Amino acid sequence: MMGGGGGGGGQMQQVAQEIEQMEQEVDAIDEEIERLREKQTDIDEAIEAIETLDSGSTVQVPLGGDAYIRATIEDIDEVVVSLGGGYSAEREQDGAVDTLETKKETLDDHISDLQEEKAEVETEMEELEQQAQQMQQQQMQQMMQQQEQEDE
């Protein structure tokens with residue numbers, strides 16, 4: 001009888017480890033979603049700047065290391081936009097906004113995919129938690145039965 005109880009404990013430990021791994025996966029998905037939302041905010045800010053700035057406007061350009069330099073925009077229709085994969089292209093003002101909007105939509109799609117993945121993992125976690133509760137109840141019943149048998 002004790003051997004069976006020990007096996008149940010091993011199963012419980014395995015289920016607990018799986019639940020913990022799933023919790024870590026959910027946390028990683030949340031972090032990725034947050035990172036993508038930050039990118040979307042950056043894109044929104046870039047779009048707003050492109051739409052509101054004019055040629056001749058003075059802007060602060062980041063140099064890196066939290067250092068900036070003031071610069072004057074010579075021509076707002078010469079916006080260099082990253083296309084991904086290490087490639088960039090010069091676009092006119094509306095084309096730059098369109099490119100950025102497309103990037104934002106791609107991020108939206110990726111966020112949606114991640115949210116679906118998170119929901120699936122959470123559903124699996126709930127199922128495992130229910131399984132763990134059932135295993136606990138079975139172990140309690142077995143222990144109570146053993147106690148009854150020992151008392152007789």
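Residues numbered from 1 in each chain as written. Predicted model: local features only at pLDDT ≥ 70, side-chain atom pairs only at ≥ 80, totals over all residues. Heavy atoms only, no water.

Helices and strands together make up the secondary structure of the protein chain, namely two helices and four strands. Reading the secondary structure of the protein chain in the N-to-C direction produces α-β-β-β-β-α. Taking 152 residues into account, the globule formula puts the C-alpha radius of gyration at 15 Å, and the protein chain, at 28 Å, lies well above it. The dimensions of the protein chain, computed from C-alpha atoms along their principal axes, are 95 × 30 × 25 Å. Counting over 152 residues, the protein chain shows a buried share of 22%. When the accessible area of the protein chain is evaluated, it comes to approximately 11,200 Å², of which 44% is carbon and sulfur surface. Looking at charge distribution, the protein chain has the averaged site of its 8 positive side-chain charges lying 11 Å from that of its 42 negative ones. (Helix = DSSP H or I, 4+ residues; strand = E, 2+ residues; numbered from the N terminus. Rg over C-alpha atoms; globule rule 2.2 N^0.38 Å. Buried < 20%, exposed > 50% of the residue type's maximum accessible area, 1.4 Å probe, protein only. Areas by Shrake-Rupley, 256 points an atom, 1.4 Å probe, with all protein chains shown as cover. Lys, Arg positive; Asp, Glu negative; His and termini not counted. Charge placed at Lys NZ, Arg CZ, Asp CG, Glu CD.)

Turning our attention to the pairing of strand β3 (residues 79-84). When β3 meets strand β4 (residues 87-91), the two strands line up antiparallel, connected through five bridges. Its bridge partner being in β4, S82 is matched across the sheet by S88. From the end of β3 to the start of β4, which pair antiparallel, there are two residues, and G85 there has a positive phi angle of about 65 degrees. (Pairing = 2+ DSSP bridges.)

Relative to the elements of secondary structure, S57 occurs in the loop between α1 (2-52) and β1 (58-64). Note on S57: relative accessible area 18%, which makes it buried. A polar contact of 2.8 Å, which involves the side chain of S57, links it to the backbone oxygen of D54. Look past the residues within four positions of S57 in its chain and what remains in contact with it is A71, T72 and I73. (Polar contact = N/O pair within 3.5 Å; in protein donor to acceptor, adjacent residues only side chain to side chain. Contact = heavy atoms within 4.5 Å.)

Of note, the phi angle at D66 is positive, near 60 degrees, even though the residue is not glycine. Checked against the element boundaries, D66 lands in the loop between β1 and β2 (67-72).

Nonpolar side chains tend toward joint burial in soluble globular proteins. In terms of nonpolar packing, the biggest core is built from 14 residues, with I50 and L100 touching the most fellow members. Every element with two or more residues in this core is listed here: α1, β3 and α2 (93-151). When neighbours within four sequence positions are excluded, I50 is seen to be in contact with I76, V79, Q93, A96, V97 and L100. Core analysis: the second largest hydrophobic core is formed by ten residues, V15, V26, A132 and M135 among them. (Core = buried A, V, L, I, M, F, W, Y, C linked by side-chain atoms within 4.5 Å.)

On to the pattern of salt bridges. Inspection of the entire model under this criterion finds three salt bridges. With its nearest N and O atoms 2.7 Å apart, the salt bridge here joins K118 to D30. With a gap of 88 residues between them, K118 in helix α2 and D30 in helix α1 connect regions that are remote in the sequence. With a shortest N-O distance of 2.6 Å, K104 and D44 are connected by a salt bridge. Taken as a pair, K104 in helix α2 and D44 in helix α1 lie far apart in primary sequence, 60 residues in all. (Salt bridge = Lys/Arg side-chain N within 4 Å of Asp/Glu carboxyl O.)

Under the present numbering, the feature "coiled-coil region" (unreviewed entry) in UniProt falls on residues 12-53. From the first C-alpha to the last, residues 12-53 spans 61 Å; its make-up is 98% helix and 0% strand. (UniProt positions renumbered as here; feature names shortened; annotations may be inferred.)

This paragraph deals with the environment of D77. Inspection of the secondary structure puts D77 in the loop between β2 and β3. The class for D77 is partly exposed, based on a relative accessible area of 39%. Sequence-distant contacts of D77, that is, excluding residues within four places in its chain, are made with R91, E92 and Q93.

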